Amino acid sequence: MAEERSELNEMNTTQTDHEYGASEIQVLEGLEAVRKRPGMYIGSTSSSGLHHLVYEIVDNAIDEALAGYCDHITVEILEGDAIRVTDNGRGVPVDIQAQTGRPALEVVYTVLHAGGKFGGGGYKVSGGLHGVGGSVVNALSEWMEVRVHKNGQIYEVKFSRGNMTQEMTVIGTTDKTGTEVVFKPDPEMFDDTVYDYETLHRRMREQAFLNAGVHIFIADRRTGREAEESMHYEGGIREFVTFINQNKTPLHEQVIYMAGSRDDSMAEIAMQYCEDSYNEIIVSFANNVHTPEGGMHEEGLKRALTNVLNAYGKKAGIFKGEEKVSGDDCREGLTCVISVKLTEAQFEGQTKAKLGNSEMRTLVNAVVSDKLEQFLDENPAVGKAILEKALMANRAREAARKARENIRRKNALEGSTLPGKLSDCNERDPALTEIYIVEGDSAGGSAKQGRDSRFQAILPLWGKMLNVEKARADKIYGNDKLQPVITALGAGLGEDFDESKLRYHKVIIMADADVDGSHIRTLLLTFFFRFMRPLIERGYVYAAVPPLFKLVRGKTTRVAFSEEERDAISKEMRGGNPNVKVDISRFKGLGEMDYEELWETTMDPERRTLKRITMEDAVKADAIFNLLMGEKVEPRREYIERNAFKAVNLDY
C-alpha cells in the first residue's frame, strides 16, 4: 500500500524547481471581446457558464497543487451570490512583468492569455482556459477583489467589469502564502446569477478525488441555505470509483489501479466491475478537466482492455476454441476513471469536451496492457469472474442481435408498419415535428382531439412499462410496451441507433403531475438514457408540465402550475378584495381535462411549458437511475428518507 501511495503522490505532484515570479508571466494579447462574446470563453451565459467562472478560479488553485505548492483550497458562496476562492499556494506573482511594466498581479487579471502556462516554466501541466481564466472571470464580474499573501505582505487589487478600480496596494503583513479571489458575477452578462451549491459541490468533490491528498472545503454562507463539506481522498481515483459504485454490487472488492508515465506525461486508471450492472461508465479527465466526449485516452483504454482480456481468456483456458469477446462485452458493468496529465494538452473546442493528443492513446494503452495483464496473472479468481461476465454479455448481445433481426424481418414483411395506437402528424420534416408520449388511453384520446395534427403526433402508453435498469439488452427488443416507442421514433436502439432516421425532433413525455406520472417519466427516461442516449445528448427529449390548479371567476378561467402561482393568480383575480369568490380546483390528471383545456395548457407551443432533459452530469445521472431503478433496496430507502423533507409538493 505504501508503494501504491508513493506512486500516486508522484502522479499528482509535478513540482517545478524554481521560484514562480513575474518572469514566468507571458502576455499574448489584450483583454478584448469577452463581454461581447462571453460564450466563446465560458461556453454560455446560462447556469453552466455561471458555474464555469468558479471552476476557472479553482483551476488556478489546482494548478498550484499540481505544481506541488498547494494542499488546501476553500470555495465559499457568499451572501448575494458572490464567490470567494482561497488557496495556500505560492500566491500570484506581484513583481513587475517585463512586457507591460506593470505588476504581474494586475496583468494576470486584466490581460487575456497572460499567465504562467505558456512555456515560461511556471507550470509543467495545467487546466484552466489556456491562461484566460482569471481575466475572463474579471471581465464577466460586476466586481472582483484579489488579495495575495506573499513575501510577508498582503497585496490587494480591485476591478469592476474588467477594469481596474484600485491598483495593487500593500494592505498588511502576513506569515502565510496564497491567493484569495472574491468576485460577483455581472447580472448584465448572465441569465441568472444564483449559484447552486450542489453543482459546485459535485465539481469540488471531483477535484478532490483527482488530486489525492489535497483538502478542498466548500461552504454555502447564504442565509437559509447553509451547507458545508470538507473533502480529502488519499486514495485518489480509486476512491472515486468506489464512490460511483456505492449503490452497486462489485464483482471484485479490490479496485484495480494502474499508473505510468512517459517523458512529462502521466496516466492513472482505476477500474472495477459490478455484477448487477449491464452498462459501462468511463469518466475521463485531462489535467483535471473533465472530457465528457472522451478522446485519445479513452481510445487507448478500450483498445488495451479488449486485447488483454481476450489474450488472458485464451491463456487461462477460459475461452473454448475460437471464442472471443468484443469491446462492448469487455466493458459491460465496468466503472472506470482515467486521469491523464500532460504538458501541451490539445482539446477539441474551447469547452474541452474531447482530448486530441494521440500520444495519450499510446501511453494509456501501454499502461493498461502491462499493468492489467500483471493484475490478472496475480488474481486469477478476479480474472475468471471478469471473463465469465464478458462471455455472458457476448451471449446476451448475440440474443439481442437475433431479436433485432426478427424485428427487422417482421417490419420488412409488414412494410415497417407504425404502431396501431400512434396518431401520426401530416408534416414529414422531422425538424418540424413532435411526438407526445402520453400516459393512459383517456389522456391519449384528449391529446389526439386537442393536438395540431399538422406537426403533433400522439402515442398513448398503457400498462406497466419494463424497468430496463434490471434487464439485459436481449429482453428490451420485442417488449410489447417498449416496441411501439421504438417503432414510432424510427431511429433504432442501442448500437443500431441512427439519429438521421429519427422521425420527430421533439420527443415529449406527457404524464400526470403525481407520483404515478413521475414513475412513468422515470421509466421512460431510464430507457432513453440506457438505449437511446443520443436522444438526450442532442436535446430531443422534453417533459411536458401540466397545470396543477384551475381558477375560475365568472367567465374568466386561469391555470396555475404551482401553489405559489395559484396564490398569486387568486389574489390577482380578486383584485385585492378578499370577499370576491374565486373557485379553485385541482386537476386530478390529464385524462380529466377536456381536449381544449389540454391544448391550451399543455400542448399549445405559444402557451405550454416544456422542460428539456439534459445530460450535464453523466455520473450523477447514472447514479440516480441506478439508485432509483436498480436492484438494491436499502440505498433507495435511505435516499427517500434523507430527501423526503424536500418533497413539499409530490404532485409537481
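Being a predicted model, the structure only gives us computed values, none of them experimental.

Participant: How should the overall build of the chain be read in this particular structure?
Facilitator: Secondary structure summary: the chain contains 20 helices and 27 strands in total. Counting only residues that meet the buried cut, the chain has 53% of its 652 residues in that class. Long-range pairs, those at least 24 residues apart, make up 70% of the contacts in the chain between residues at least 6 apart in sequence. Carbon and sulfur atoms make up 47% of the accessible area of the chain, which amounts to about 29200 Å² in all.

Participant: Quick question: what am I supposed to make of the environment of valine 108 here?
Facilitator: As for its position among the elements, valine 108 is in helix H4 (residues 104-110). A relative accessible area of 13% means that valine 108 is categorised as buried. Remark: the alpha-carbon pair of valine 108 and glutamine 97, spanning 11 residues in sequence, is separated by 9.8 Å.

Participant: I tried to follow the sheet that holds strand S14 (residues 265-273) on my own but got confused; where do I start?
Facilitator: Picture the strands of a sheet paired through backbone hydrogen bonds; they go either parallel or antiparallel. Strand order in the open sheet formed by five strands is S13-S14-S17-S15-S16, and the pairing between neighbours is mixed. Strand pairing shows two members of the sheet lacking a second neighbour, strand S13 (256-262) and strand S16 (289-290), which therefore form its edges. Here helix H10 (residues 358-378) sits on the sheet in contact with S13, S14 and strand S17 (334-341), set at roughly 135° to S13.

Participant: Sorry if this is basic, but what is going on with the side chain of serine 570 here?
Facilitator: Checked against the element boundaries, serine 570 lands in helix H17 (residues 563-574). Ignoring sequence-local partners within four residues, the contact set of serine 570 consists of Leu551, Val582 and Ile584.

Participant: Would you take a moment to explain the packing of aromatic side chains for this structure?
Facilitator: Between two aromatic rings, the relevant description is the distance of the centres plus the angle of the planes. A complete count under the given rule lists seven aromatic pairs for this structure. Where tyrosine 109 meets phenylalanine 159, the ring centres are 6.2 Å apart and the plane angle is 40°; that geometry is what we call tilted. Within this pair, whereas tyrosine 109 is found in helix H4, its partner phenylalanine 159 is found in strand S8 (residues 153-160), the two being separated by 50 residues in sequence. Judged by relative accessible area, which is 2%, phenylalanine 159 ranks as buried. When the ring centre of tyrosine 257 is taken as reference, the NZ or CZ atom of arginine 238 above it lies at 4.1 Å. The positively charged end of arginine 533 is found above the aromatic ring belonging to phenylalanine 529, 4.1 Å away from the centroid.

Participant: Can you walk me through the sheet that holds strand S24 (residues 549-553) in this structure?
Facilitator: Reading across the sheet, the three strands line up as S25-S24-S26 and stay open at both edges, with antiparallel pairing between neighbours. Every other strand in the sheet has two partners, leaving strand S25 (556-560) and strand S26 (583-586) as the edge strands with one partner each. In this sheet, neighbouring strand axes are inclined to one another by 20° on average, regardless of whether the strands run parallel or antiparallel. Bridge count between S24 and S26: four bridges; the pairing is antiparallel.

Participant: Which parts of the structure should I look at to understand the pattern of salt bridges?
Facilitator: Proximity of charged atoms lets side chains of opposite charge pair with each other. Using the criterion set out here, one finds 34 salt bridges in the structure. Put simply, arginine 503 and aspartate 424 hold a salt bridge, and the shortest N to O gap is 2.6 Å. In this pair, arginine 503 sits in the loop between helix H14 (483-489) and strand S22 (506-510) while aspartate 424 sits in the loop between helix H11 (380-413) and strand S20 (434-439), placing the two residues 79 residues apart along the sequence. The class for arginine 503 is partly exposed, based on a relative accessible area of 23%.

Participant: Is there a simple way to explain the packing of helix H8 (residues 296-315) against H10 in this structure?
Facilitator: Relative placement of two packed helices is described by the angle separating their axes and the distance separating the axes. Running from N to C, H8 and H10 cross one another at 30°; their axes reach a closest spacing of 7 Å. With respect to H10, the axis of H8 lies roughly parallel. Like other packed secondary-structure pairs, H8 and H10 cross with a definite hand, here right-handed. Together, Met296, His297, Glu299, Gly300, Leu301, Arg303, Ala304, Leu305, Val308, Leu309, Tyr312 and Lys315 of H8 and Ser358, Met360, Arg361, Val364, Asn365, Val368, Ser369, Leu372, Glu373, Leu376 and Asp377 of H10 make up the contact between the two elements.

Participant: Which parts of the structure should I look at to understand H17?
Facilitator: In an α-helix, one turn spans 3.6 residues, which is why side chains three or four residues apart end up on the same side. With 12 residues, H17 should reach 16 Å at 1.5 Å per residue; the first-to-last C-alpha distance of 16 Å fits that figure. Inspection of H17 places Ile569, Ser570 and Met573 among the buried residues, and these make up the whole buried set. Each buried residue of H17 lies within a common arc of 105° when the element is viewed along its axis, so the set occupies one face. Along H17, the residues that are exposed and aim more than 90 degrees away from the buried face are Glu564, Lys571 and Glu572. In this structure, the buried residues of H17 make contact with S24, S25 and S26. Of the residues one or two after H17, glycine 575 is the one with positive phi, at around 65°.

Participant: Sorry, what's going on with the nonpolar core here?
Facilitator: Soluble globular proteins tend to pack their nonpolar side chains together in the buried interior. In terms of nonpolar packing, the biggest core is built from 63 residues, with Val54, Ile73, Leu105, Tyr109, Val146, Phe183 and Tyr195 touching the most fellow members. For this core, the element with the most residues is helix H3 (residues 47-66), which contributes 10 residues. When sequence neighbours within four positions are dropped, the list of residues in contact with tyrosine 109 reads Val92, Gly134, Ser135, Asn138, Met144, Val146, Phe159, Thr179 and Val181. Membership of the second largest hydrophobic core comes to 40 residues, among which are Ile282, Ala286, Ile318 and Val382.

Participant: Mind showing me how you'd approach unusual backbone geometry here?
Facilitator: Residue aspartate 263 is not a glycine yet carries a positive backbone phi of 55°. In this structure, aspartate 263 sits in the loop between S13 and S14. On the accessibility criterion, aspartate 263 (76% relative accessible area) is exposed. Phi at asparagine 288 is positive, roughly 70°, even though this residue is not glycine. With respect to the helices and strands, the residue asparagine 288 is situated in the loop between strand S15 (281-286) and S16.

Participant: Hey, could you run me through the pairing of strand S2 (residues 72-77) in this one?
Facilitator: A regular strand places its side chains so that they alternate between the two faces of the sheet. Looking at chain direction, S2 and strand S11 (residues 215-220) are connected through six bridges and run parallel. Bridge assignment links glutamate 76 to a residue of S11, and that residue is alanine 219. As defined by bridge partners, S2 adjoins strand S3 (residues 83-87) across five bridges and the pair is classed as antiparallel. Along S3, the bridge assignment pairs threonine 74 with threonine 86. Hairpin connection between S2 and S3: a loop of five residues separates the two successive antiparallel strands, and glycine 80 in this loop has a positive phi of roughly 80°.

Participant: What should I look at first to understand helix H7 (residues 237-244) in this one?
Facilitator: Those residues of H7 that sit buried are Ile237, Arg238, Phe240, Val241 and Ile244. Buried residues of H7, viewed axially, fall in a sector of 155°; they line one side.

Participant: So what exactly am I meant to see when it comes to the packing of helix H6 (residues 197-210) against H7 here?
Facilitator: Closest axis-to-axis distance for the H6/H7 pair is 7 Å, and the angle between their directions is 135°. The pairing of H6 with H7 is recorded here as oblique in orientation. Residues Arg205, Glu206, Phe209 and Leu210 of H6 lie in contact with H7, whose contacting residues are Ile237, Glu239, Phe240 and Phe243. Grouping the constituent residues of the contact of H6 with H7 by class yields five nonpolar, no polar and three charged.

Procedures and definitions
Residues numbered from 1 in each chain as written. Predicted model: local features only at pLDDT ≥ 70, side-chain atom pairs only at ≥ 80, totals over all residues. Heavy atoms only, no water. Helix = DSSP H or I, 4+ residues; strand = E, 2+ residues; numbered from the N terminus. Buried < 20%, exposed > 50% of the residue type's maximum accessible area, 1.4 Å probe, protein only. Contact = heavy atoms within 4.5 Å. Areas by Shrake-Rupley, 256 points an atom, 1.4 Å probe, with all protein chains shown as cover. Pairing = 2+ DSSP bridges. Axes fitted to C-alpha atoms, helices over the stretch in contact; angles between N-to-C directions. Phe/Tyr/Trp six-rings, centres within 6.5 Å; stacked < 30°, edge-to-face > 60°. Lys NZ or Arg CZ within 6 Å of the ring centre and 35° of its normal. Salt bridge = Lys/Arg side-chain N within 4 Å of Asp/Glu carboxyl O. Parallel < 35°, antiparallel > 145°, perpendicular 65-115°, else oblique. Left-handed = near helix turned anticlockwise from the far one by under 90°. Expected span 1.5 Å × (residues − 1). Arc of directions from axis to C-beta. Core = buried A, V, L, I, M, F, W, Y, C linked by side-chain atoms within 4.5 Å. Nonpolar A, V, L, I, M, F, W, Y, C, P; charged D, E, K, R; others polar.

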